[in-house]
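Topology and contacts: notes
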Amino acid sequence: MSAKRALITGVTGQDGSYLARLLLKKGYEVHGVKRRSSSFNTGRIEDIYEDPHDPDPQMHLHFGDVTDATNIIRVVQEVQPHEVYNLAAQSHVQVSFETPEYTANADALGALRLLEAVRILKLEGHTRFFQASTSEMFGMVQETPQTETTPFYPRSPYAVAKLYAHWITVNYREAYNMHAACGIMFNHESPVRGETFVTRKITRGVAAIALGLADRLYLGNLDAQRDWGHAKEYARGMWMMLQQDVPQDFVLATGQVTSVRDFTRYVFEDAGIEIEFRGEGEDEKGYCTKTGKCLVEIDPRYFRPTEVDFLLGDASKAKAELGWEAETPVRELAREMLEADMASMKDGASWRTTRSRGSASMSPAMAEWLARRWCAGWETRIVKSSRHRARSTCANRRRFGGGFRKNARMR
Ligand code: NAP
Ligand code: GDD
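This report concerns the structure included in the present document.

**Some details on the nonpolar core**
Counting 43 residues, the largest nonpolar core has Ile8, Leu19, Leu23, Tyr85, Leu87, Phe130 and Trp324 as the members making the most contacts within it. Taken together, the elements giving at least two residues each to this core come down to β1 (5-9), α1 (14-25), β5 (128-134), β6 (179-185), α7 (231-242) and β11 (250-252). With eight residues, the top contributor of residues to this core is α7. Sequence-distant contacts of Leu19, that is, excluding residues within four places in its chain, are made with Ile8, Tyr85, Leu87, Ala235 and Met238. Counting 31 residues, the second-largest nonpolar core is a separate cluster that includes Ala208, Ala224, Leu295 and Val330.

**Quick look at the pattern of salt bridges**
Following the criterion strictly, the structure yields 20 salt bridges and no others. Between Arg331 and Glu269 there is a salt bridge, and its shortest N-O distance comes to 3.5 Å. Placement of Arg331 in helix α10 (residues 330-346) and of Glu269 in helix α8 (residues 260-270) is noted, with a sequence separation of 62 residues between them. The partner of Lys319 in a salt bridge is Glu325, with the nearest N and O atoms 3.3 Å apart. For Lys319, a relative accessible area of 47% corresponds to the partly exposed category. Taken together, the salt bridges that share partners define one network made up of Glu269, Asp270, Arg331 and Arg335.

**Examining the site of ligand 1**
Ligand 1 sits among 26 residues. The nearest are Thr12, Arg35, Asp65, Ser91 and Tyr158. Gln14 places a polar main-chain atom, nitrogen or oxygen, 3.0 Å from an oxygen atom of ligand 1. At 2.9 Å, a backbone N or O of Leu87 approaches an oxygen atom of ligand 1. Elements supplying a minimum of two residues to the shell around ligand 1: α1, α4 (100-120), β5 and α5 (157-176). If you tally residues by element for the shell around ligand 1, the top one is β5, at three residues. Of the residues that constitute the shell around ligand 1, the class distribution is 10 nonpolar, 11 polar and five charged.

**Here's the deal with the environment of Ala104**
You can see Ala104 is positioned in helix α4. Note on Ala104: relative accessible area 32%, which makes it partly exposed. Between the alpha carbons of Ala104 and Ala161 there is a distance of 5.0 Å; along the sequence they are 57 residues apart. In contact with Ala104, other than residues within four places in its own chain, are Leu109 and Ala161.

**Notes on helix α6 (residues 198-210)**
In a regular helix each residue adds 1.5 Å, so 13 residues correspond to 18 Å; α6 covers 18 Å between its end C-alpha atoms and thus fits that length. The element α6 is extensively covered by neighbouring structure, given that 11 of its 13 residues are classed as buried. Two residues or fewer past α6, Gly212 is found with a positive phi of approximately 75 degrees.

**Some words on the packing of helix α2 (residues 69-79) against α4**
Relative to each other, α2 and α4 sit at 50 degrees, their axes nearing to 9 Å. In terms of axis orientation, α2 runs oblique to α4. In this structure, α2 crosses over α4, and the sense of that crossing is right-handed. Of the residues in α4, those touching α2 at Ala69, Ile72, Ile73 and Val76 are Arg113, Leu114, Ala117 and Ile120. Residues belonging to the contact of α2 with α4 are distributed by class as follows: seven nonpolar, no polar and one charged.

**Some thoughts on the sheet that holds strand β13 (residues 275-278)**
Reading across from one edge, β8-β15-β14-β13 is the order of the four strands in this open sheet, with mixed pairing throughout. Of all strands in the sheet, those with a lone pairing partner are β8 (217-219) and β13, marking the two edges. Neighbour to neighbour, the strand axes of the sheet diverge by 20 degrees on average, direction disregarded. Strand direction decides the pairing type here: β13 and strand β14 (residues 285-288), joined by four bridges, are antiparallel. Within the sheet, the bridge partner assigned to Arg278 lies in β14 and is Lys285.

**Looking at the packing of aromatic side chains**
For the coordinates displayed, the defined rule picks out seven aromatic pairs. Between Tyr172 and Tyr176, the aromatic rings sit 4.9 Å apart at their centres with planes inclined by 75 degrees, giving edge-to-face as the arrangement. Of this pair, Tyr172 and Tyr176 are both found in helix α5, four residues apart, which corresponds to roughly one turn of the helix. Judged by centre distance (5.3 Å) and plane angle (75 degrees), the ring pair of Tyr234 and Trp324 falls under edge-to-face. Taken together, the residues span a long stretch of sequence, with Tyr234 in helix α7 and Trp324 in the loop between α9 (316-321) and α10 at a distance of 90 residues. Accessibility assignment for this pair places Tyr234 and Trp324 in one class, buried. Positioned above the aromatic ring of Tyr302 is the side chain of Lys201, whose terminal nitrogen or guanidinium carbon lies 3.5 Å from the ring centre. The ring of Tyr287 has Arg278 lying over it, and the distance from NZ or CZ to the ring centre is 4.1 Å.

Conventions we followed
Residues numbered from 1 in each chain as written. Chains lettered and ligands numbered in written order. Predicted model: local features only at pLDDT ≥ 70, side-chain atom pairs only at ≥ 80, totals over all residues. Heavy atoms only, no water. Core = buried A, V, L, I, M, F, W, Y, C linked by side-chain atoms within 4.5 Å. Buried < 20%, exposed > 50% of the residue type's maximum accessible area, 1.4 Å probe, protein only. Helix = DSSP H or I, 4+ residues; strand = E, 2+ residues; numbered from the N terminus. Contact = heavy atoms within 4.5 Å. Salt bridge = Lys/Arg side-chain N within 4 Å of Asp/Glu carboxyl O. Near = heavy atom within 4 Å. Polar contact = N/O pair within 3.5 Å; in protein donor to acceptor, adjacent residues only side chain to side chain. Nonpolar A, V, L, I, M, F, W, Y, C, P; charged D, E, K, R; others polar. Expected span 1.5 Å × (residues − 1). Axes fitted to C-alpha atoms, helices over the stretch in contact; angles between N-to-C directions. Parallel < 35°, antiparallel > 145°, perpendicular 65-115°, else oblique. Left-handed = near helix turned anticlockwise from the far one by under 90°. Pairing = 2+ DSSP bridges. Phe/Tyr/Trp six-rings, centres within 6.5 Å; stacked < 30°, edge-to-face > 60°. Lys NZ or Arg CZ within 6 Å of the ring centre and 35° of its normal.

Following this line, the structure appears as C-alpha cells:
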C-alpha cells in the first residue's frame, strides 16, 4: 500500500517542524510549503530535509505562499494530499497590529484558498483538512476556563483573521461535507519557538544574562497569564483530529495558567538566579536578590494596543474523544527551553550561528557565513534602539564577535 501523503503549510515554523517529524515517523510522505526567502528559512527542518536526488525521499519541499491562490492550487494538485495541515500564518499578535492587511490576507484568506483548492480540484472526498485555530479568538474571555463552546471576542488583527479562518473551515465542513477540523490551540512552546514570543525571549535573555553576555531583559506586560504547553504534544493532537471518522473542533490546552512574571522568575531560578520584583506598573523591575542588580525592566513598547490578559483552556473534550492530554508541565517546558538556549550560547559559535537550536553538523564555512548574517540582524536592531544607539555595535562586536549585545532588546 502506498504511503499517505500529507501537505503542511508553515512547515518551516515551530509546529510544522514537529508535525513533519511526527508524520515521517508514522510513515507518511510529507510535503511542505516553504516561502521563498533571500536567506535560508529551513533551520528547524534541516535534520529531516531529504535531498530530492536521494532514492525514494519521503520529505518534499515546495515553494509557495498562502497569499497566492494559483500557487496553492498547483501544489495541492501536484501532491493530491490525503491530509492538509494549514499551519502557515503571520503568527505574531503584536506584529499583526503593524501589518493588519497582510495578516488578514495570509491568516484568514490563506485558509480559504486552501479549502477552495481542495474543492476546485474535487478532492473533498479524498483530502482531510486541519486548521490551526487559536485561543486568541477568545480574547477578552467570556467564561473561564475556555472550551469549544465559549463565545469568541478577538482582540487583535491576528485573532480576527484567525476567527475568519476558523469559521470558513466550519462552513466548508457543513456546506460541502468536507472532513475539516479546527484545533483551538492554546499557547505552545518549545526550544524551537520563535525568538520573539515571550517564553523564548525570556529563556534566551536569561541564558545570555547567566552567561554574562547581556545584563538586562526588557519585557512588556508581566501580568498577562497564559496556558503554556509543549508544541510536540500539540502536533500530535493535530494529527489525532484528522484520524477521527467525524470531523470536529477541539480545544488543546494544559488547564494550567502562569503569568509572564512567574515564568520569568522560574527561568531565572533554573539558571541559579533568584529574582524579586519591586515597583508598580511601568516602574516594576526584577532585581537579583543576591547582588541587588536590576535584571528585568519594563519597556512599554511591548505593550499591545488591546491585550489578552488571561487564557486558560479546558481540553476535556480532546481527552474524552481523542485520548489527547497535555503532558509537560510549564516548569519542565521552561527548563528544557533554557537548557537548549544555554547550550547553544555556551558554544559561542553556535549562539551566533543558529536561530533556534544547536548548530549540529554545520560546516565551518557555513557557520562563518551564518554568523555574519546573525550579526547583521542585531546591528539593524541596534540602529533602531534609541537608548543604546550611542553604544555602537563596535564594542559588542569586539567583545562577542557581533553575536550579542548588552541589554538585548528582543521582541
Ligand atoms: P510560526 O513558528 O510563526 O510558523 C509560521 C509558519 O508559517 C512559518 O513556517 C512561516 O514561514 C509560515 N508562513 C507565514 N506566512 C506565510 C505565507 N504567507 N505563506 C506560507 N507560509 C507562511 O508559528 P507556529 O507557532 O508554528 O504556529 C503554527 C500555526 O499555529 C500558526 O498558524 C499559528 O497561528 C497557530 N497557532 C500557534 C499557537 C502557538 O502557541 N504556537 C497557538 C495557536 C495557534 P517562515 O518560516 O518563512 O516565516
Ligand atoms: N512577545 C512578547 N514580548 N510578549 C510579551 C512581552 C514581550 O516582551 N512581555 C510581555 N508579553 C506578553 C504579551 O503581551 C502577551 O500577553 C503574552 O506575553 C504572550 O505573548 P506572546 O508570547 O507573544 O504570545 P501570544 O499569546 O500573544 O500569542 C501566541 O499564542 C497564541 C495562542 O494563544 C502566538 O503563538 C499566537 O500565534 C497564538 O495563536
